[in-house]
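In case you want the letters, here they are:
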Amino acid sequence: SHHNSNDIDRRIYRRYRLFALLLMVLEWTRPGLSSPLRPICDLRVLDHFIKEAWDAEAALRACKDACSIATNFTVPLTRVDFDVWEAMNIEEQAQEVQSGIHVLNEAISSLQASNQTDVLQSHIDASINNIASIRQVLRSLSIPEYVPPTSDGEDKEMQKVSSISELFQVHINFLRGKVRLLLANAPVCHQGVS
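Residues numbered from 1 in each chain as written. Predicted model: local features only at pLDDT ≥ 70, side-chain atom pairs only at ≥ 80, totals over all residues. Heavy atoms only, no water.

Chemist: Explain the pattern of salt bridges residue by residue, including any values.
Modeler: Pairing is possible between side chains that carry opposite charge, provided their charged atoms lie close to one another. Scanning all chains against the criterion turns up 7 salt bridges. Each of the salt bridges in this network shares a partner with another, and the network as a whole consists of Glu96, Glu157 and Lys178. (Salt bridge = Lys/Arg side-chain N within 4 Å of Asp/Glu carboxyl O.)

Chemist: So what's going on with the nonpolar core? Residues and values would help.
Modeler: Grouped together as the largest cluster of nonpolar side chains are 47 residues, with contacts concentrated most on Val45, Leu167 and Val179. Within the residue set of this core, elements represented by two or more residues are helix H1 (2–28), helix H2 (43–62), strand S1 (73–76), helix H4 (90–110), helix H5 (118–140) and helix H6 (164–184). The biggest single contributor to this core is H6, with 11 residues. The contact partners of Val179, leaving out residues within four places of it in the chain, are Leu46, Val97, Ile101, Ile134 and Phe174. (Core = buried A, V, L, I, M, F, W, Y, C linked by side-chain atoms within 4.5 Å. Buried < 20%, exposed > 50% of the residue type's maximum accessible area, 1.4 Å probe, protein only. Helix = DSSP H or I, 4+ residues; strand = E, 2+ residues; numbered from the N terminus. Contact = heavy atoms within 4.5 Å.)

Chemist: Can you explain H4? Please cite residues and give values.
Modeler: For the α-helix, the turn length of 3.6 residues means that residues three or four positions removed from each other point alike. The end-to-end C-alpha distance of H4, which contains 21 residues, comes to 30 Å, matching closely the 30 Å that a straight helix rising 1.5 Å per residue would cover. Measuring from the backbone nitrogen of Glu91 back to the side-chain oxygen at the start of H4 gives 3.0 Å, which picks out Asn89 as the cap. (Expected span 1.5 Å × (residues − 1). Polar contact = N/O pair within 3.5 Å; in protein donor to acceptor, adjacent residues only side chain to side chain.)

Chemist: Got a sec to walk through the environment of Arg180? Specific residues and values, please.
Modeler: Examined against the element boundaries, Arg180 turns out to sit in helix H6. Residues Arg180 and Asp47, spaced 133 residues apart in sequence, show a C-alpha to C-alpha distance of 8.9 Å. Not counting residues up to four positions away in its chain, the partners in contact with Arg180 are Leu43, Leu46, Asp47 and Leu175.

Chemist: Lay out the state of the cysteines with the relevant residues and their values.
Modeler: Per the counting criterion, the structure on display carries 1 disulfide. Disulfide partner of Cys41: Cys189, at an S-S distance of 1.9 Å. Disulfide Cys41-Cys189: torsion about the S-S bond near -90°, hence left-handed. Here the residue Cys41 occupies a position in the loop between H1 and H2, and Cys189 occupies one in the segment after H6, the gap between them amounting to 148 residues. Looking at Cys41, the relative accessible area reads 39%, which means it is partly exposed. Of the residues examined, Cys189 reaches a relative accessible area of 22% and is grouped as partly exposed. (Disulfide = S-S within 2.5 Å.)

Chemist: So what's going on with the environment of Asn173? Residues and values would help.
Modeler: Mapped onto the elements, Asn173 comes out in helix H6. Taking the relative accessible area as the measure of exposure, Asn173 reaches 31% and is therefore partly exposed. For the pair Asn173 and Leu77, spaced 96 residues apart in sequence, the C-alpha to C-alpha distance is 9.2 Å. Reaching out from Asn173, the side chain makes a polar contact with the side chain of Arg176 at a distance of 3.4 Å.

Chemist: So, the side chain of Ser99: which residues are in play, and what are the values?
Modeler: Structurally, Ser99 is set in helix H4. By relative accessible area, which is 8% here, Ser99 ends up buried. A polar contact of 2.4 Å, which involves the side chain of Ser99, links it to the backbone oxygen of Gln95.

Structural measurements only, silent on function.
The following block contains the structure:
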């Protein structure tokens, strides 16, 4: 079964490549390090973070009452109107994604002080680290950084949710939707051979 061992080798190689990419991303999220050297156009890095977000959401669903918290979270809207999205330029798309990541980060960070169980705490910490890593991936693709809105007006792309489990569902859907679209269409990944 020579053919099979080749497949397995290829799978292991792919997994190592992904692992190497993730290590690079994690390395850049250390404080004081400048932005990455080369663009990360491999969407499997994002898939890894989506999988971790699923794991966190599943853990939260499992602990229902123990993890409930009396508060509203501001989160980004996750539905994508493709006509509207396609009509936006990369700066507008970037701003929508960066503000979404910003409010998700604020909402998830607010849970750090809420005295959750160790398991949950570890999911919360992992989610915050993942958001930092996603920001680094965006930076590697020369996607414009987050710019706080100038007006005091409520951002139309935001909504409120009242449970931690909903918060993490939004986190998953935002990564699967707008973040993925932005990464997949990053101009730097489509410049032919760089």
